[in-house]
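Each chain, written out:
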Amino acid sequence: RKQWYQRRVREKELGRSRVKEFSAHSSKAHCVAWNCTGKYIATGSLDKTSSIQSFKEERLSREFSLKGHEDAVEQVGWHPSDPNILSTVSADKTLRLWDIRTPQKTVACISTKGEVINMTWRGDGSTIAIGNKDDMVSFVDYKTHKVISEKQADFEVNEIAWSADERHFYMSSGNGSVHICEYPSLEPVFQLPAHTAHCICLKFTPDRRYFATGGADALINIFDSNELACVNSYSRLEWPVRTLSFNHDGRLLASGSEDLVIDIAYVATGEKVATIPCNAFPFCVAWHPSDNLLAFVTDDKKHGGDSKHSRESEKSSGCVKLFGL
């Protein structure tokens, strides 16, 4: 009981945390991700690079930039258990693998069919799944660097993820549902109704016991992974939910949309823990793997022409921001 109370107090104290900005790119950043140890953070940008920064003593220090893509880096994703391996996808229609111990060159460059907009690693690190703008899902073998299978969906595919047992594959869709398929065949198993409009986001808790969806209806829904039952639903955002991230113990969920805030809530109740004001809408949010520290990147400018916010946004263009310090 004492430990629960102390943890609750620490979580409530998040509301008094501050945001720090750290320069990462020469142009706006699209995505951000921590490696499995929380020692490094990667961002991808319109400037065609991925920036690697180390985290130590409450600050980020830029280590180097990974160069090779010929267009904007749309997604970055770390290997689930190897802290040195990173994957990136770009509008140049390639997937690149990197070992940050030798950042001068790519480990592999795999051509993709179409422009990839979503990417996720299988839990054992054996496979990378990618989804492109034309709703084709492909699976790439990490060791051979080959596309081992692919399937064209007949619906709009948004975010993608493996189930806890990795026998099923989940896809959030434009029809408001989560499509659950067998893996690796992608034969349909179940279509889970989730939203009244596009289902945009899909994220699992670290223990895979629950998953969250975010939709164009501005709702956030929490589902039990075993029962596929909605156990909670809440909404404080007014615009479509674009990004979600669970913290390390699955108790907190951060969400962002075109509202100029990031909402942090208790998963069990939907109760607000903190609100982070933003000078432009957040593209991506990502919790540290073992601490209540949230990284996020935002658009360059606030929509609506507010000159004060526009000046602030231009100043922070290409930055990664940390909340919880």
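Residues numbered from 1 in each chain as written. Predicted model: local features only at pLDDT ≥ 70, side-chain atom pairs only at ≥ 80, totals over all residues. Heavy atoms only, no water.

Undergrad: Go over unusual backbone geometry, please, and point to the residues and values.
TA: Following Tyr183, the chain continues to Pro184 via a peptide bond in cis, the omega torsion being 10°. Take Pro184: it is sitting in the loop between β16 (177–182) and β17 (188–193). Phi at Glu58 is positive, roughly 65°, even though this residue is not glycine. With respect to the helices, strands and loops of the structure, Glu58 is situated in the loop between β4 (49–56) and β5 (59–67). (Helix = DSSP H or I, 4+ residues; strand = E, 2+ residues; numbered from the N terminus.)

Undergrad: Report on the sheet that holds β5, specifying residues and quantitative values.
TA: To summarise the sheet geometry, strands pair through backbone hydrogen bonds and adopt either a parallel or an antiparallel arrangement. Read across the open sheet, the four strands follow the order β2-β3-β4-β5; overall the sheet is antiparallel. Of all strands in the sheet, those with a lone pairing partner are β2 (29–34) and β5, marking the two edges. Adjacent strand axes in the sheet meet at a mean angle of 25°, parallel and antiparallel pairs treated alike. Note: β4 against β5, eight bridges, orientation antiparallel. Residue pairing for β5: Ser54 is matched across the bridge by Ser61. (Pairing = 2+ DSSP bridges. Axes fitted to C-alpha atoms, helices over the stretch in contact; angles between N-to-C directions.)

Undergrad: Provide a residue-level description of the nonpolar core, including the pertinent values.
TA: Formed by 16 residues in total, the largest nonpolar core has its most connected members in Val32, Trp34, Ile41, Val320 and Leu322. Contributions of two or more residues to this core are made by β2, β26 (282–287), β27 (294–298) and β28 (319–323). For this core, the leading source of residues is β2, giving three residues. Cys278, Val285, Leu294 and Phe296 belong to the second-largest nonpolar core, a separate cluster that totals 15 residues. (Core = buried A, V, L, I, M, F, W, Y, C linked by side-chain atoms within 4.5 Å. Buried < 20%, exposed > 50% of the residue type's maximum accessible area, 1.4 Å probe, protein only.)

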